[in-house]
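A structural walkthrough
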Amino acid sequence: MDIKSTTPFSGLFRTSPFKPIQRHMRLVFSCICFIPPLLDALYRKDTEQLKEFGNEIIKLESEADEIKHIFRLNMPNTLLLPVDREDLLRLISDQDQLADIAEEIAKLLLYRDMEVPEVLKKLIDELLEGTMEISASAKDMIEQLDELLQVGFKGREQKKVEEMIAGVRKKEHNIDGIMHRTRRALYENESHLDPVSVIFWYQLIDRLGSISDQAENVADRLLLFLSK
Amino acid sequence: MDIIAAYGTVFIVLAIIFGLYMTWGIGANDLANAMGTSVGAGAVTIRQAICIAIIFEFAGAVLAGGHVTSTIRKGIIDPTAIVSSPEILVYGMLASLLAAAFWLMIASWKGWPVSTTHSIVGALIGFAIVGIGPDAVKWGKVGSVVASWLVSPAVGGTISFLLVISTRKLIFDTDNPLQNAKRYAPFYVFLVGFIISLVTLFKGLTHLNIDLSVGQSFGVAFLFGLLTAAIGWYFIRKIKADRDADRDFHFASVEKVFAPMMLFTACAMAFAHGSNDVANGIGPLAAVFSIVSSGGEVMQKSELPVWILLLGGGGIVLGLITLGYRVMLTVGRKITELTPSRGFCAELAAATTVVLASRTGLPVSTTHILVGSVLGVGLARGIGALDLRVVFNIIVSWLVTLPAGALMAMLFFFTLKGIFS
């Protein structure tokens, strides 16, 4: 006779929602990590590599999408969670937005052969550096979720994550400054450049900037976990 | 009286077979939950879990199993109306055992979440209503038993909630969690030994002719706590910080301290389970034996023989080593989400609640109390995700099991009555 467990005990346990959130964030971060080499390939006019990196970003983005999808399927409203279910669902879509932006940048560079204006190179490098920093901080923040869970989102660990969140805010502020200078430089050189290219460069700069805005959104979402 | 004299041996043999079947079912199924937590957390291997279960299941049954057995045996039914025909009570007890065992078998086959405790209580009530009359059910006692089913998971949950909060204050949310874990761990292990032994010893061993005063009970329990604390200290003293694991998860080393501590809660759970659930199988058996051996005395004034408790413990162990270990593996695999520190809190809370209920003679469900304790950890924001549908399933299983057990007991009662008279 095959005996199944007639007791409800094991049915009580569901996989922790923080694991897929962290896995998702790691994928999103690797998406963003491909943006600097992507632009580097553009500088070097290496179309082969540009395609390779661009497609890698698109592939990673769809993997992240898959995790988001499975995560949502596994979040029935009968769950007892240490944080608000709505906040968790919004957190993963905020993270997903990051990957979406990276994908948009990759696609833009894939369908349009862009010429890089010399004046922008240094500023864009600066912008990329800031973007990588803020994305890494956002990822580190998400990596703290296990520890936060262990101490019930309180105490020392809470302070530590609050500081990390403040750090992300500050970085976003700095990037806003770089964004302004980059746009200004582009504006001052508009007359020497092809008008259509200028439009696309504005778009590209905006998208790079929105990565840091979105990273700040992720941080703000996490703040809600701490204030419950 | 003639029937008892003519078929006495048959009745006892039948009761032993049904009782063994029941305890076998309890061991194959129910025990897996009680110990699966420790197996799932990696604190004990399946082989160690079986060894622990054998020793502590027996200890729980023999040392503390008498109170609940007495409730099942003579606490729920008032047989004064049938003093002249004791065979009715024998049929009823056999029918109740058979009904509960049968219902358990159906539920196991279908995978329904039922509790043996609820099956046997439902069956006893069912038999008493048709066999003797509705007045024969001690409704007051039934009321307190049913109330304990609601209260006990809440008590377990409250204790585990407080334990989780205390581990955070004393260990996790400090500057040096590992050092504090090693400092306070023996104290937590002391609690396991102290509470379980105190509840058991406190005026609870009269059936073994051991009568301890209040002071003596406290003294022995204290010594027992110190002993477990010393063994606990021996296990954790060598644990060192694991830098690689800590990089990934800061509290990895601290959790390593809690892993051997779950060995003690595993013992406590097996003990608690033995002290409460063994009664479901042997309570009716004890009643039948008492009636037959006294030649038809339904009031059952005699003491509960220890061999019946041993038989019950044996049945549970048999169930565990034939089928239960596999269920335990399945359960353990599913509950890896429970880290050793939370598992320790949940098990200690559950074991304490069950032993307290056993001491009071209340038949409760170990599994439901464990569910309540885990929910307590969840309410302390200590677990990633718990599915509350389980709570709904438990309530449904109460509503279904009581009438199902009752109806089947009625059916078996009339069948047995037809066969023997």
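Remember, it's a predicted structure, so these values are computed and weren't measured experimentally.

Glancing now at the overall build of chain B. Within chain B, the regular secondary structure consists of 14 helices and one strand. Whereas a compact globule of 421 residues would reach a radius of gyration of roughly 22 Å, chain B reaches 22 Å, a difference of no more than 12%. Across its three principal axes, chain B shows a C-alpha extent of roughly 75 × 45 × 35 Å. By residue count, 60% of the 421 residues in chain B fall in the buried class.

Let us look at the overall build of chain A. A count of helical and extended segments in chain A gives eight helices and two strands. Secondary structure elements in chain A, listed N-terminal to C-terminal, are β-α-α-α-β-α-α-α-α-α. Overall size of chain A, expressed as C-alpha extent along the three principal axes, is 80 × 45 × 25 Å. Within chain A, buried positions represent 41% of all 228 residues. Taking contacts inside chain A between residues at least 6 apart in sequence as the whole, the part at least 24 apart equals 86%.

The next point concerns the sheet that holds strand β1 (residues 385-387) of chain B. With antiparallel pairing, three strands are arranged side by side in an open sheet as β1(A)-β1(B)-β2(A). In this open sheet, the two strands that pair with only one neighbour each are β1 (13-14) and β2 (79-80) of chain A.

How big an interface is tends to be stated in terms of the accessible area lost upon association of its parts. Counting residues at the interface gives 43 residues for chain B, matched by 31 residues for chain A. If you list the elements that add at least two residues to the side of chain B that touches chain A, you get α1 (2-40), α4 (87-110), α6 (139-172), α11 (306-334), α13 (366-379), β1 and α14 (389-420) of chain B. A per-element tally of the side of chain B that touches chain A places α13(B) first, with six residues.

Residue and element names in this part refer to chain B. It is the contact of helix α3 (residues 66-75) with helix α10 (residues 252-293), at a shortest axis distance of 7 Å, that shows an interaxial angle of 40°. It follows from the interaxial angle that α3 and α10 lie oblique. Seen from above, α3 lies across α10 with right-handed handedness. From α3, Val68, Thr69, Ile72, Arg73 and Lys74 reach across to α10, where they touch Asn276, Ala279, Asn280, Ile282, Gly283, Pro284, Ala286 and Ala287. Residues that form the contact of α3 with α10 fall into these classes: seven nonpolar, four polar and two charged.

Residues and elements named next belong to chain B. Mapped onto the elements of the fold, Ile159 is located in helix α6. Along the primary structure Ile159 and Thr353 are separated by 194 residues, whereas in three dimensions their C-alpha atoms are 8.5 Å apart. Setting aside residues up to four positions removed in sequence, Ile159 forms contacts with Ala349, Thr352 and Thr353.

Glancing now at the environment of A:Gln144. Residue and element names in this part refer to chain A. Here Gln144 lies in the loop between α5 (118-143) and α6 (145-150). The class for Gln144 is partly exposed, based on 18 C-beta atoms found within 10 Å. For the pair Gln144 and Gln158, spaced 14 residues apart in sequence, the C-alpha to C-alpha distance is 9.6 Å.

The backbone of A:Phe153 shows a phi angle near 60°, a positive value even though the residue is not glycine. Following the sequence through the fold, A:Phe153 ends up in the loop between α6 and α7 (155-188). With phi around 55°, B:Arg381 is a residue other than glycine that occupies positive phi space. Looking at the element boundaries, B:Arg381 is found in the loop between α13 and β1.

Here we take up the confidence of the model for chain B. All names here are of chain B. With 100% of its residues at a pLDDT of at least 70, chain B reaches an overall mean of 89. Ranking the elements of chain B by mean pLDDT puts helix α9 (residues 243-248) last with 80 and α6 first with 95. Both scores are given for the predicted complex: the pTM is 0.91, the ipTM 0.86.

On to the nonpolar core. All names here are of chain B. Counting 212 residues, the largest nonpolar core has Met35, Leu94, Ala266 and Val288 as its most contacted members. Ranked by the residues each element gives to this core, the list is headed by α10, at 25 residues. For Ala266, the residues in contact, after removing those within four places along its chain, are Met35, Ser38, Ala43, Val44, Ala49 and Ile52.

Quick look at the packing of helix α2 (residues 46-64) of chain B against α11(B) now. All names here are of chain B. For the pair α2 and α11, interaxial distance at closest approach is 9 Å and the crossing angle is 155°. By the angle between their directions, the pair α2 and α11 is classed as roughly antiparallel. Between α2 and α11 the crossing geometry is right-handed. Where α2 abuts α11, its residues Ile46, Ala49, Ile50, Ala53, Ile54, Glu57, Phe58, Ala61 and Val62 lie against Val306, Leu309, Leu310, Gly312, Gly313, Ile316, Val317, Leu320, Ile321, Tyr325, Met328 and Leu329.

All names here are of chain A. An ideal rise of 1.5 Å per residue puts 38 Å on 26 residues; α5 measures up with 38 Å between its terminal C-alpha atoms. Taken residue by residue, α5 has Ile124, Leu127, Gly130, Thr131, Ile134, Ser135, Ser137, Ala138, Lys139, Met141 and Ile142 as its buried positions. Where the residues of α5 are buried, they touch α1 (18-33), α2 (35-43), α6, α7 and α8 (195-227).

What follows concerns α7(A). Over its 34 residues, α7(A) extends 50 Å from the first C-alpha to the last, a length consistent with the 50 Å expected when each residue adds 1.5 Å. Here the buried face of α7(A) lies against α5, α6 and α8 of chain A.

Tracing the backbone through its elements, the reader meets B:Arg183 in helix α7 (residues 177-201). For B:Arg183 and B:Ile171, which are twelve residues apart along the polypeptide, the C-alpha to C-alpha distance reads 9.0 Å.

This paragraph deals with the confidence of the model for chain A. The predicted coordinates should not be examined in detail at positions where pLDDT is low. Looking at chain A as a whole, its pLDDT mean stands at 92, while 96% of the residues score no less than 70. Confidence scores differ between elements of chain A, with β1(A) showing the lowest mean pLDDT of 86 and α1(A) the highest of 96.

Reading guide: rules and limits
Residues numbered from 1 in each chain as written. Chains lettered and ligands numbered in written order. Predicted model: local features only at pLDDT ≥ 70, side-chain atom pairs only at ≥ 80, totals over all residues. Helix = DSSP H or I, 4+ residues; strand = E, 2+ residues; numbered from the N terminus. Rg over C-alpha atoms; globule rule 2.2 N^0.38 Å. Buried ≥ 20, exposed ≤ 12 C-beta atoms within 10 Å, placed from the backbone. Contact = placed C-beta atoms within 7 Å. Pairing = 2+ DSSP bridges. Axes fitted to C-alpha atoms, helices over the stretch in contact; angles between N-to-C directions. Parallel < 35°, antiparallel > 145°, perpendicular 65-115°, else oblique. Left-handed = near helix turned anticlockwise from the far one by under 90°. Nonpolar A, V, L, I, M, F, W, Y, C, P; charged D, E, K, R; others polar. pLDDT = per-residue confidence, 0-100. Core = buried A, V, L, I, M, F, W, Y, C linked by C-beta atoms within 7 Å. Expected span 1.5 Å × (residues − 1).

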